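# Descriptive structure summary
If you want the building blocks of each chain, they are given just below.
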Amino acid sequence: MATFLAILTATSLALAQAPTTPPSHETGRLPALGWNTWNAYHCEIDEAKVLAAAHSFVELGLKDAGYEYVNIDDCWSVKDSRDSSGRIVPDPTRFPNGIIGVANEVHDLGLKIGIYSDAGTQTCAGYPASLGNELIDVQTFAGWGIDYLKYDNCNVPSNWTDAPNPPDGDWYNSNSGIRYRRMTDALSKVSRPIQLDVCIWGQAQVWTWGARTGHSWRMSGDATPTWSYIIDIIKINVDHLDTIDFFGHNDMDMMEIGNGDLTIQEERTHFAAWAFFKSPILLGTDLSQLNSEQVAIITNKELLAFSQDPNIGTPAKPFTPRSGAGTTSPPEFYAGASSKGMHVFIMNIGSSTTTKSFRLSNVPGLSDSGRFIIHDMWTGADVDGSFTAGSTFSVRLGAHDTAAYLITEA
Ligand SMILES: *[C@@H]1O[C@H](CO)[C@@H](O)[C@H](O)[C@H]1NC(C)=O
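Let us look at the structure shown here.

Reading the values: rules and limits
- Residues numbered from 1 in each chain as written.
- Predicted model: local features only at pLDDT ≥ 70, side-chain atom pairs only at ≥ 80, totals over all residues.
- Heavy atoms only, no water.
- Axes fitted to C-alpha atoms, helices over the stretch in contact; angles between N-to-C directions.
- Helix = DSSP H or I, 4+ residues; strand = E, 2+ residues; numbered from the N terminus.
- Parallel < 35°, antiparallel > 145°, perpendicular 65-115°, else oblique.
- Left-handed = near helix turned anticlockwise from the far one by under 90°.
- Contact = heavy atoms within 4.5 Å.
- Nonpolar A, V, L, I, M, F, W, Y, C, P; charged D, E, K, R; others polar.
- Buried < 20%, exposed > 50% of the residue type's maximum accessible area, 1.4 Å probe, protein only.
- Core = buried A, V, L, I, M, F, W, Y, C linked by side-chain atoms within 4.5 Å.
- Domains from an automatic or database assignment.
- Pairing = 2+ DSSP bridges.
- Disulfide = S-S within 2.5 Å.

### Focus: the packing of helix 6 (residues 134–144) against helix 7 (residues 175–188)
As a packed pair, helix 6 and helix 7 sit with axes 9 Å apart at the nearest point and diverge in direction by 45°. Between helix 6 and helix 7, the crossing angle belongs to the class labelled oblique. The crossing of helix 6 and helix 7 is right-handed. In contact with Glu134, Leu135 and Val138 of helix 6, helix 7 contributes Arg182, Met183, Ala186 and Leu187. Tallied by class, the residues present in the contact of helix 6 with helix 7 amount to 5 nonpolar, no polar and 2 charged.

### A short note on the environment of Ala40
Relative to the helices and strands, Ala40 is located in helix 2 (residues 38–41). Judged by its relative accessible area of 25%, Ala40 is partly exposed. It is 22 Å that separates the C-alpha atoms of Ala40 and Asn97, two residues lying 57 residues apart in sequence. Discounting residues that sit within four places of it in the chain, Ala40 has contacts with Gly284, Thr285 and Asp286.

### Some points on the nonpolar core
Across soluble globular proteins, nonpolar side chains have a tendency to be buried as a group. The biggest cluster of nonpolar side chains holds 89 residues, and the ones touching the most others in it are Tyr67, Trp76, Phe271 and Phe276. Counting the residues that make up this core, at least three belong to each of domain 1 (2–218) and domain 2 (317–409). Counting 20 residues, the second-largest nonpolar core is a separate cluster that includes Phe333, Val344, Phe387 and Ala403.

### Topic: unusual backbone geometry
Leaving glycine aside, a negative phi is the common case for residues, and trans is the common case for peptide bonds. The omega angle of the peptide bond from Ser329 to Pro330 is -5°, so this bond is cis rather than trans. Among the secondary structure elements, Pro330 is positioned in the loop between strand 9 (317–318) and strand 10 (333–338). Notably, Gln205 is not glycine yet its phi reads approximately 45°, a positive angle. Gln205 sits in the partly exposed class, given a relative accessible area of 37%. Even without glycine at this site, Lys278 takes up a positive phi of about 55°. Tracing the chain through its elements places Lys278 in the loop between helix 9 (264–276) and strand 8 (281–283).

### As for the pairing of strand 13 (residues 371–376)
The two faces of the sheet receive side chains in turn, since in a regular strand these alternate between them. Note that strand 13 and strand 15 (residues 387–388) share 2 bridges and pair antiparallel. Its bridge partner lying in strand 15, Arg371 is registered against Thr388. Here strand 13 runs beside strand 17 (residues 402–409); their pairing, made up of 5 bridges, is antiparallel. Residue pairing across strands places Asp376 opposite Tyr405, the latter belonging to strand 17. Remark: 4 residues form the turn of the hairpin made by strand 13 and strand 14 (residues 381–382), two consecutive strands paired antiparallel; Gly380 in that turn has positive phi of roughly 75°.

### Section: the state of the cysteines
All chains considered together, the criterion is met by 2 disulfides. A disulfide bridge connects Cys43 with Cys75, and the sulfur atoms are separated by 1.8 Å. Of this pair, Cys43 sits in the loop between helix 2 and helix 3 (47–59) while Cys75 sits in the loop between strand 2 (69–71) and helix 5 (98–108), placing them 32 residues apart in sequence. Covalently, Cys124 is tied to Cys154 through a disulfide, its sulfur atoms 2.0 Å apart. Disulfide Cys124 to Cys154: torsion about the S-S bond roughly 95°, handedness right-handed. One end of the pair, Cys124, is in the loop between strand 3 (112–118) and helix 6; the other, Cys154, is in the loop between strand 4 (148–152) and helix 7, and 30 residues separate them in sequence. With its disulfide-bonded cysteines labelled consecutively along the sequence, the protein chain is connected as 1-2, 3-4. Looking at the unpaired Cys199, the closest cysteine sulfur is the one in Cys124, lying at 7.1 Å.

If you want it as structure tokens, here you go:
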């Protein structure tokens, strides 16, 4: 009983003191496009690798395609101490010019820079973290010119554990919510807009409060460069598509294109799904090793335009392609609107080439009369043929590949 009361009192106290500051709307309206060190290098990071990625943005046409954020993940600081003023110190060997030196060079290229911290006592790799140090850390980051913060979820003290049910039935009021709200509040106290990536691995029903706290929120544990990860995260994400709109994005985690042995078809599906669900797209590989086919995927103008649509913030959602169609998990047919018209995305989750078909009148948002042009977003060319609402459109699709179309009235 005493323990129960102690926990209750601690929770009520934390809640009473919990800030309710909303996230900045000067940043994070659209899903972030960029790169992050982790999937490529884990802890083996340094200034040269980060700046090489920034220069690749320019050389490979990524900057022109809209990629903006060059983000440093875990392991960037001195490990066991802060300075005498309590500030986190950049590792002088890895970052001899400090984070500010990297930030200046990244900004000079017309790009933005991100950093990493953690809402616990230490980061996942055991470096200084920001729970209890939110304001001083944010002031430090803002002083360096940081534009984006990935805020991780390791090493949470036991008294911050979530109760089975949050106060008022709202997970915004859970201890997890409060840990992140403290950071949102600290960010509001510096003049520099800093995008907040709530890296909470899909815990505490984050999709219900993520947009009240940050700009994007992780829906799962870390990605792996495997087809099974891509399928699993799509399955998780399709249950929570209604919470995605401007300033609030389900984060399906950083990209694995270029890593492991994903096939080119799987890489197309990976990119298309992150784009049509409006997840942040943060590349996670050594960009200099990508081949031209992979660069073409990640710079596909039409898929990026869907992701970054200035007028429509909602993602594509599953639809039934024709009467009597069976269901699959995850669904294979998705439709969504952009400023240009309606889009259909078709994923072949099967392990062999298959014909996939939909009836145009089944696509939500398409007029049920008139003639239509079907445009292939991958090739940039219109599909041959003439289509009406009653037409059934079919495509042969390789194993694990995704087709992407824009449909407009002729
Ligand atoms: C956990 O303990 C720390 C240190 O005593 C305190 O500052 C913090 O508010 C506590 N957290 C909660 C949720 O009560």
